[in-house]
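Residues per chain, in single letters:
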Amino acid sequence: AQSVTQLGSHVSVSEGALVLLRCNYSSSVPPYLFWYVQYPNQGLQLLLKYTSAATLVKGINGFEAEFKKSETSFHLTKPSAHMSDAAEYFCAVSFSGKLIFGQGTTLQVKP
Amino acid sequence: EAQVTQNPRYLITVTGKKLTVTCSQNMNHEYMSWYRQDPGLGLRQIYYSMNVEVTDKGDVPEGYKVSRKEKRNFPLILESPSPNQTSLYFCASSFRGRLSTDTQYFGPGTRLTVL
C-alpha cells in the first residue's frame, strides 16, 4: 500500500535560513512523488515532481527535492527562505492516477 | 487561461438540505477528482472519474454522489449533508488519469459549513 508521512506539522525558520521539509513514503511499486504548496485561501499548486528521471528535482520558487530510495525519502529544501514562502506544503505519492497526501506541514517564516 | 473552477467558494447550510458544488475545467482533461481537506489529515479522495460516464469511489465516499455527463464538468452532490461533512473541498483534474506521472491541477476550493 502507498502512504506518505510528513515529519513535523509546523516548521518555523528565519528569513534567509535553510528550509527543510521532510517527507517519507511507503510504496510497493516505484513511486511517483509530488510536492504541492497551498497559500492561504488558495488551491494547491505544484512545486515539483519526481517521475524516475533524475533523483534531484528542481521546482518553482527555488525549491528542490531529492529522491533517496534507500531512505524512502523525498525531502523538500530551499537554501534561503523568503517571507512569501509561508504556506502549507503537502507531499503526495501517485498511484494509478490517485494522489495520496501526507498530513501537510505549515511553514512559518520569521523576519 | 487554463483553470479549474469551483462554485460556490463558500457555503453555509443546514443539516439535510441537499446541495451541489460545481467543478469545471477547460483543459480537456480526462481525469477529474474530488478531495476533502481536514486539519491534520491532509487531503483525502472522495470520488474520481477517469472519463465521461466513468466514476468510482475514493477513500471517503460516504454521503457523497458525483456525476460526469460532460468531460468538463464534475459536480459533487451532498444529498443530505451532516455536520461531519464540514470541510474544505477541492476539485482536481489531469490529462490522463491512469498515468501516475500526470500533474493534477486544483481548483481554488469550496469551504462548506453544515450546521
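Residues numbered from 1 in each chain as written. Chains lettered and ligands numbered in written order. Predicted model: local features only at pLDDT ≥ 70, side-chain atom pairs only at ≥ 80, totals over all residues. Heavy atoms only, no water.

A. Just the overall build of chain A, in detail. The helix and strand inventory of chain A stands at zero helices and eleven strands. Taken from N to C terminus, the helices and strands of chain A fall in the order β-β-β-β-β-β-β-β-β-β-β. Computed over the C-alpha atoms, the radius of gyration of chain A is 13 Å, within 12% of the 13 Å expected from 2.2 N^0.38 for a compact globule of 111 residues. C-alpha atoms of chain A, sized along the principal axes, occupy 40 × 25 × 20 Å. Relative to its 111 residues, chain A shows a buried fraction of 45%. With 8 positive and 6 negative side-chain charges, chain A shows a separation of 6 Å between the mean positions of the two kinds. (Helix = DSSP H or I, 4+ residues; strand = E, 2+ residues; numbered from the N terminus. Rg over C-alpha atoms; globule rule 2.2 N^0.38 Å. Buried < 20%, exposed > 50% of the residue type's maximum accessible area, 1.4 Å probe, protein only. Lys, Arg positive; Asp, Glu negative; His and termini not counted. Charge placed at Lys NZ, Arg CZ, Asp CG, Glu CD.)

B. Focus on the interface of chain A and chain B. Between chain A and chain B, the contact holds 22 residues from the first and 25 residues from the second. Roughly 1,700 Å² is buried in total at the junction of chain A and chain B, and carbon and sulfur atoms are behind 50% of that figure. For chain A, the biggest contributors to the area lost against chain B are L44, G97 and K98 of chain A; these three give 27% of the whole. Between the two partners, chain A and chain B, sit one salt bridge. Close ionic contact of D59 of chain B with K98 of chain A constitutes a salt bridge, the shortest N to O distance being 2.7 Å. Seen at the junction of chain A and chain B, the total is five residue pairs in polar contact (both at pLDDT 80 or more). Mapped onto the side of chain A that touches chain B, the elements with two or more residues apiece are β4 (32-38), β5 (44-50), β9 (87-95) and β10 (98-101) of chain A. Tallied by class, residues from the side of chain A that touches chain B come to nine nonpolar, ten polar and three charged. (Contact = heavy atoms within 4.5 Å. Buried area = accessible area lost by both parts, 1.4 Å probe. Salt bridge = Lys/Arg side-chain N within 4 Å of Asp/Glu carboxyl O. Polar contact = N/O pair within 3.5 Å; in protein donor to acceptor, adjacent residues only side chain to side chain. Nonpolar A, V, L, I, M, F, W, Y, C, P; charged D, E, K, R; others polar.)

C. Region of interest: the environment of G16 of chain B. All names here are of chain B. Mapping G16 onto the fold places it in the loop between β2 (10-13) and β3 (19-25). Along the sequence, G16 and E30 sit 14 residues apart, while their C-alpha atoms lie 32 Å from each other. Sequence-distant contacts of G16, defined by excluding residues within four places in its chain, comprise E79, S80 and P81.

D. Region of interest: the state of the cysteines. Taken as a whole and assessed by the stated rule, the structure comprises two disulfides over all chains. The disulfide bridge from C23 of chain A ends at C91 of chain A, spanning 2.0 Å between sulfur atoms. Across the S-S bond of C23 of chain A and C91 of chain A the torsion is about -65°, and the bridge reads as left-handed. Taken as a pair, C23 of chain A in strand β3 (residues 19-26) and C91 of chain A in strand β9 lie far apart in primary sequence, 68 residues in all. Here C23 of chain B pairs with C91 of chain B through a disulfide, and the sulfurs are 1.8 Å apart. Here the disulfide of C23 of chain B and C91 of chain B is left-handed, its torsion about the S-S bond being about -75°. (Disulfide = S-S within 2.5 Å.)

E. The packing of aromatic side chains, seen in detail. One pass over the full model with this rule turns up 14 aromatic pairs over all chains. Measuring from ring centre to ring centre gives 6.0 Å for Y31 of chain B and Y48 of chain B, while their planes differ by 25°; the resulting arrangement is stacked. Of the two residues, Y31 of chain B sits in strand β4 (residues 31-38) while Y48 of chain B sits in strand β5 (residues 42-51), which places them 17 residues apart along the sequence. Looking at Y48 of chain B, the relative accessible area reads 19%, which means it is buried. Through a chain of ring-to-ring contacts, the aromatic side chains of F34, Y36, F90 and F101 of chain A together with Y35, F90 and F106 of chain B assemble into a single cluster. (Phe/Tyr/Trp six-rings, centres within 6.5 Å; stacked < 30°, edge-to-face > 60°.)

F. Structural detail: the pattern of salt bridges. Scanning the model with the defined rule gives six salt bridges over all chains in all. For the salt bridge of K58 of chain A with E64 of chain A, the shortest nitrogen-to-oxygen distance reads 2.8 Å. When its relative accessible area of 62% is taken as the criterion, K58 of chain A is described as exposed. For E64 of chain A, a relative accessible area of 23% gives the class partly exposed. Several salt bridges share partner residues, and in doing so they unite R36, D38 and R44 of chain B into one network.

Read these as layout, nothing more, since geometry by itself doesn't imply function.
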